[in-house]
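Notes for the structure review
Given next are the chains, with one letter for each unit.
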Amino acid sequence: MKYSLLGSSDLSVSEICLGSMTWGLQNNQQEADQQIDYALSQDINFIDTAELYAVPPAPETYGKTETIIGNWLSNNPDKRKDIVLATKISGQGLPWIRNGEPITGKNVELAVEGSLKRLQTDYIDLFQLHWPNRGFPHFGNHWPNQIDFTQTTSEREIEDMLDILQGLSRCVEAGKIRHCGLSDDTPWGINTYLKLSEQYNLPRIVSVQNEFSLLHTQDSPYLLENCIRENIAYLPWSPLATGMLTGKYLNNTRPEGSRWTYEQRNGIYRDTPSAHKATAAYIDIANQYDITPAQLALAWCKQVRGVTSTIIGATTMEQLKENIKGFDIELSNEALNDINGVLRDYPTPF
C-alpha cells in the first residue's frame, strides 16, 4: 500500500480511501464491520463518511452511516489511532438537516457535535464541507450556463466563507477536528478559502474531494494543477461512476439492489447514450488486458498525477476485494494509449 501526506497536513493516508455511503441502507452493521476489518487488513487507513449518509439521502437514514462507524469504533477503541477518519457537514437544501439551512460557522459547530456523538470519538481527522452554499458545477451541472455565477456577489460569498472558516477554527482550537477540507468545489472556492486562511490566520484547507472517473474528467487539468501547486490533496469520489464503469448497467440492465434501482436525489444523470458507448469501449480494453472493468477504471484513476487517495465503495466483499486489487495494477503505456483514445472520443459523455 502506498501512502501520501494529505495535502499540507501531517496526516499520512493510504492511496485507497474506504467510502461508506451504502452503510445503513444497502449494507447493515455486520457487513460494514466486515468491510472495515478487511480494509484495515489491507493496510487502508483512510475512511470517508458524512452526516448525510446513507444514500440516497432520506430522513430515516440520516446519520446512520456515522452511527455504524461509531459502533465499530466503540468495539475497537484501540484501532482509532490507526485510522484517518473523515466526515462532512451537509450543505443547504435538505429540510431534515438543520431545516435545510446553508453551511455557517454556527452550523459547522452543530454538525461537528452531532458527528462526534454518532462516531463515538473525541476528534475528527478531516472535516469537510459536503458542497458549497453557492451554485456549483457538479452532479451533472457542468454544461455552459447551467449555473449562473452572477446571481450572487463575490463579496457576499467571501463573507459567508469567512464565517465558515471561523466556525472551523473554533472546532480546531477545541481539539474536535484536526484538519479541514472541501467537497464538490471549484478552483475559485479552493483559492478563496486559502486566501482567507492566510489573511485571517485561520485553518488551511488541506483537501478537496470531487467526482472524477474515466467518464468525468472535468477537473483535469485545471483544478488538478491548482491542487498540485497549492498542496491540496485531491480525493476522487465515484471513480466507477456509481458502478457504471463495471458494465452492470449496459443494455438498460438494473441488477437487483444496485445503486440505480434507488431513486437518486440528482437523478441518474450519468445514464446517457455516450456514457454507455464509452463504458463499452473501456470494457473492451479491460478484456484485452485481462483485468476487470472496475480494475481498469481504478488503476487509471490512481495513476493520474495529483490524485492523493481514491475513494472506493462496495456493497459486497467480493466487490471490495476486486476493487482493492485494482490498485496493484500498473497499466502499460499501450493500455494507457488505448484509454486515451476513448477519452478523446467521449471527453464529456454525461
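As a reminder, the structure under discussion sits directly above these lines.
A brief structural summary.

Considering the environment of Leu73
Within the element layout of this structure, Leu73 appears in helix α2 (residues 64-75). Of the residues examined, Leu73 reaches a relative accessible area of 6% and is grouped as buried. Along the backbone, Leu73 and Met244 are 171 residues apart, and their C-alpha atoms lie at a distance of 32 Å. For Leu73, the contacting residues outside a window of four places in its chain are Arg80, Ile83, Leu85, Leu119 and Thr121.

Topic: the pairing of strand β6 (residues 124-129)
The buried count for β6 comes to 6 of 6 residues, which makes it a mostly enclosed element. Here strand β5 (residues 84-89) pairs with β6 via 4 bridges, running parallel. Within β6, the position partnered with Ala86 by the bridge is Leu126. The parallel pair β5 and β6 is bridged by helix α3 (residues 105-119), and the resulting crossover is right-handed. Pairing between β6 and strand β7 (residues 177-183): 5 bridges, direction parallel. Bridge pairing in β7 places Phe127 opposite Cys180. What joins β6 to β7 is helix α4 (residues 154-173), and the crossover it makes is right-handed.

Digging into the nonpolar core
Among the nonpolar cores identified, the biggest contains 98 residues, and Tyr282, Trp300 and Leu331 are the most heavily contacted of them. Among the elements that line this core, the one with the most residues is helix α8 (residues 293-302), at 7 residues. Apart from the residues lying within four places of it in its own chain, the contact partners of Tyr282 are Leu214, Leu215, Leu245, Leu296, Ile339, Val342 and Leu343. Val55, Leu94, Ile97 and Trp131 belong to the second-largest nonpolar core, a separate cluster that totals 8 residues.

Structural notes on helix α6 (residues 222-230)
For α6, the full list of buried residues reads Leu223, Leu224, Asn226 and Cys227. For α6, the buried positions fall inside an angular range of 155° around the axis, keeping them on one side. Facing away from the buried surface of α6 by more than 90 degrees, the exposed residues are Tyr222 and Arg229. Turning to α6, the residues buried within the fold contact α5 (187-200), β8 (205-211) and β9 (233-237). Downstream of α6 by one or two residues, Asn231 has phi in the positive range, about 60°.

Thresholds applied
Within every chain, residues take consecutive numbers counted from 1 along the sequence as written. Under the rules for a predicted model, residues below a pLDDT of 70 receive no local features and side-chain atom pairs below 80 are neither given nor counted, while totals for whole chains, interfaces and linings still include all residues. As a rule here, side-chain values cover all heavy atoms of the structure and leave hydrogens and water aside. We count a stretch as a helix when DSSP gives it H or I for four or more residues in a row; a strand needs E for two or more, and each element gets its number in order from the N terminus. Per-residue accessibility, obtained with a 1.4 Å probe over protein chains only, is compared with the maximum for each type, and a residue is labelled buried under 20%, exposed over 50%, and partly exposed between these values. Throughout, a residue-residue contact means that at least one pair of heavy atoms, one from each residue, lies within 4.5 Å. Pairing between strands requires that DSSP locate at least two bridges from one strand to the other. A clockwise course of the path from the first strand over the helix to the second, judged with the strands pointing away from the viewer, identifies a crossover as right-handed. We define a nonpolar core as any set of buried Ala, Val, Leu, Ile, Met, Phe, Trp, Tyr and Cys residues linked to one another through side-chain atoms lying within 4.5 Å. This arc is taken over the directions from the axis of the helix to the C-beta atoms.

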